[in-house]
Amino acid sequence: MDSSSSIEKDLELIKSTSPLIHNITNYVVMNNTANGLLAIGASPVMAHAPEEVAEMTSISSALVLNIGTLEESWVKAMLIAGRTALSNGIPVIFDPVGAGATSYRNEISRKIIEECHPSIIRGNASEIMALYNTNTKTKGVDSTSSSGSALETAKLLAKETKSIVVISGETDYITDGRKVGKIKNGSPLMARVTGMGCTATAIVAAFAAVNKDFFHAAMHGMAVMGIAGERAAGKARGNGSMQVYFLDELYNLTGEMIKKQIQLTEE
């Protein structure tokens, strides 16, 4: 089965099963993330109270942990949910937003990795480099490095954590420490819309919910994200309309569109 057919198969599974994706994510992106998941047919839930996250996680098909707006009770909730997911065989997708910006983010990132054992880690180049080397600095939540410059570090991180590592950027890279997938779909305009990276993490989670080959699930999710972004940018007049067109393109994406536009290689 070729890549476009595999992606189409996963997308059809998401639409037919509507997997519940539990997001413990940040205030900035909740609406974007929920709408992105709804657009591809998944069912989003945002539950953050430590008192209920174990129960919510246990009925979910995937868990997203996103450290964009950290505070103590949310960290507690993330660790409870992550440990619950781990004990129930539910994939954990970790987004280390702003890793490298502060020592606190670095500390919590390492704790999540050590205690929750994410199936997939997705970040920009600086965030991925900071997870492996805490001396790496980010510019707030923005990357100061190109995605390609982080590839070797991503391979090391993948081997160390036994996670699939995804680097978002002009080219998206996905690695298990040995194999590398490259996706060249997308548009620079995506970086002008807040929460696009966080939405990518949630989309990847939806694919991980229906495809237990997490390397290919991550590739499929990032490919869908990139193709929808590329198509939306062709219609948008700026970052405001980009948000709307992006959701429309996600919702209307077909196998034929994927086959026509996909720029994916695996080595």
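The structure this text deals with has already been given above.
Every chain's residues receive numbers from 1 upward, in the order its sequence appears when written. Given that the model is predicted, a residue must reach a pLDDT of at least 70 before its local features are reported, and side-chain atom pairs must reach 80 or more before they are shown or counted; all residues, however, enter totals for whole chains, interfaces and linings. Processing note: side-chain calculations cover all non-hydrogen atoms of the structure and skip hydrogens and water entirely.

Student: Hey, could you run me through the nonpolar core in this one?
Tutor: Considering soluble globular proteins, one finds that nonpolar side chains tend to be buried as a cluster. The set of buried Ala, Val, Leu, Ile, Met, Phe, Trp, Tyr and Cys residues whose side-chain atoms join them within 4.5 Å is what this entry labels a nonpolar core. For the exposure calls, accessible area comes from a 1.4 Å probe over protein chains only, and a residue counts as buried if that area is under 20% of its type's maximum, exposed if over 50%, partly exposed in between. Membership of the largest hydrophobic core comes to 47 residues, with the highest contact counts inside it found for Ile-21, Ile-40, Ile-120, Ile-174, Phe-207 and Leu-250. Counting from the N terminus, the helices are DSSP H or I runs at least four residues long and the strands are E runs at least two residues long. Every element with two or more residues in this core is listed here: helix 1 (3-17), helix 2 (30-40), strand 3 (62-66), strand 6 (164-168), helix 8 (196-210), helix 9 (214-233) and helix 10 (239-252). The contact criterion used throughout is that any non-hydrogen atoms of two residues lie within 4.5 Å. Here Ile-40 is in contact with Leu-11, Ile-14, Lys-15, Ile-203, Ala-206, Phe-207 and Leu-250, once residues within four sequence places are set aside.

Student: Explanation requested: the sheet that holds strand 7 (residues 172-175) in the structure shown.
Tutor: Think of a sheet as strands paired side by side through backbone hydrogen bonds, with each pair either parallel or antiparallel. Spatially, nine strands are ordered 2-1-3-4-5-6-7-8-9 in an open sheet, and the strand pairing comes out mixed. Strands with a single pairing partner mark the edges of an open sheet, and in this sheet they are strand 2 (43-46) and strand 9 (264-266). Recorded for the sheet is a direction-independent mean angle of 15° between the axes of neighbouring strands. Bridge count for strand 5 (residues 120-124) against strand 6 is five bridges, and the pairing is parallel. Its bridge partner lying in strand 6, Arg-122 is registered against Val-166. The pairing criterion is simple: DSSP has to find at least two bridges between the two strands. Where helices are involved, their axes are fitted lines through C-alpha atoms of the stretch in contact, as for all axes, and angles between N-to-C directions lie from 0 to 180°.

Student: Whenever I open this one, the environment of Ile-112 confuses me. Can you help?
Tutor: Tracing the backbone through its elements, the reader meets Ile-112 in helix 5 (residues 103-116). By relative accessible area, which is 0% here, Ile-112 ends up buried. Non-local contacts of Ile-112, meaning those with residues more than four positions away in its chain, are made with Leu-65, Ile-67, Met-78, Leu-79, Phe-94, His-117 and Pro-118.

Student: Looking at this structure, I do not really get the pattern of salt bridges. What am I missing?
Tutor: A pairing counts as a salt bridge when a side-chain nitrogen of Lys or Arg comes within 4 Å of a carboxyl oxygen of Asp or Glu. One pass over the structure, following the stated rule, counts eight salt bridges. Across the salt bridge formed by Glu-115 and Arg-83, the nearest N and O atoms sit 2.5 Å from each other. Residue Glu-115 is found in helix 5, and its partner Arg-83 is found in helix 4 (residues 72-87); the two are separated by 32 residues along the sequence. Judged by relative accessible area, which is 30%, Glu-115 ranks as partly exposed. Taking relative accessible area as the criterion, Arg-83 reaches 39% and is therefore assigned partly exposed. The closest approach of N and O atoms between Glu-249 and Lys-235, which form a salt bridge, is 2.5 Å. Within this pair, whereas Glu-249 is found in helix 10, its partner Lys-235 is found in the loop between helix 9 and helix 10, the two being separated by 14 residues in sequence. Of the residues examined, Lys-235 reaches a relative accessible area of 44% and is grouped as partly exposed. One connected set of salt bridges, linked through shared partners, spans Arg-231, Lys-235 and Glu-249.

Student: Got a minute to help me understand unusual backbone geometry in this structure?
Tutor: Of all residues except glycine, most have a negative phi; of all peptide bonds, most are trans. For Ser-18, which is not glycine, the phi torsion reads 45° and is therefore positive. Mapped onto the fold, Ser-18 is located in the loop between helix 1 and strand 1 (20-24). Of the residues examined, Ser-18 reaches a relative accessible area of 33% and is grouped as partly exposed.

Student: Would you take a moment to explain the pairing of strand 1 for this structure?
Tutor: The side chains of a regular strand alternate, first on one face of the sheet and then on the other. Burial of strand 1 is extensive: five of the five residues sit out of reach of the surface. Going residue by residue along strand 1, you find Leu-20, His-22 and Ile-24 tucked away on one face and Ile-21 and Asn-23 tucked away on the opposite face as well. Looking at chain direction, strand 1 and strand 2 are connected through four bridges and run parallel. The residue of strand 2 that forms the bridge with Leu-20 is Ser-43. Orient the strands so they point away from the viewer, and a crossover whose first-strand-to-second-strand path over the helix runs clockwise is right-handed. A crossover connection joins strand 1 to the parallel strand 2 through helix 2; in handedness this β-α-β unit is right-handed.

Student: Just to check I follow, could you spell out the state of the cysteines for this structure?
Tutor: In a disulfide, the sulfur atoms of two cysteines are covalently bonded to one another. The definition used for a disulfide is geometric: two cysteine sulfur atoms within 2.5 Å. The final tally for this structure, using the stated rule, is zero disulfides. Here Cys-116 stays unpaired: no disulfide links it, and the sulfur of Cys-198, its closest cysteine neighbor, is 18 Å away. Exposure remark for Cys-198: the relative accessible area of 12% places this residue in the buried category.

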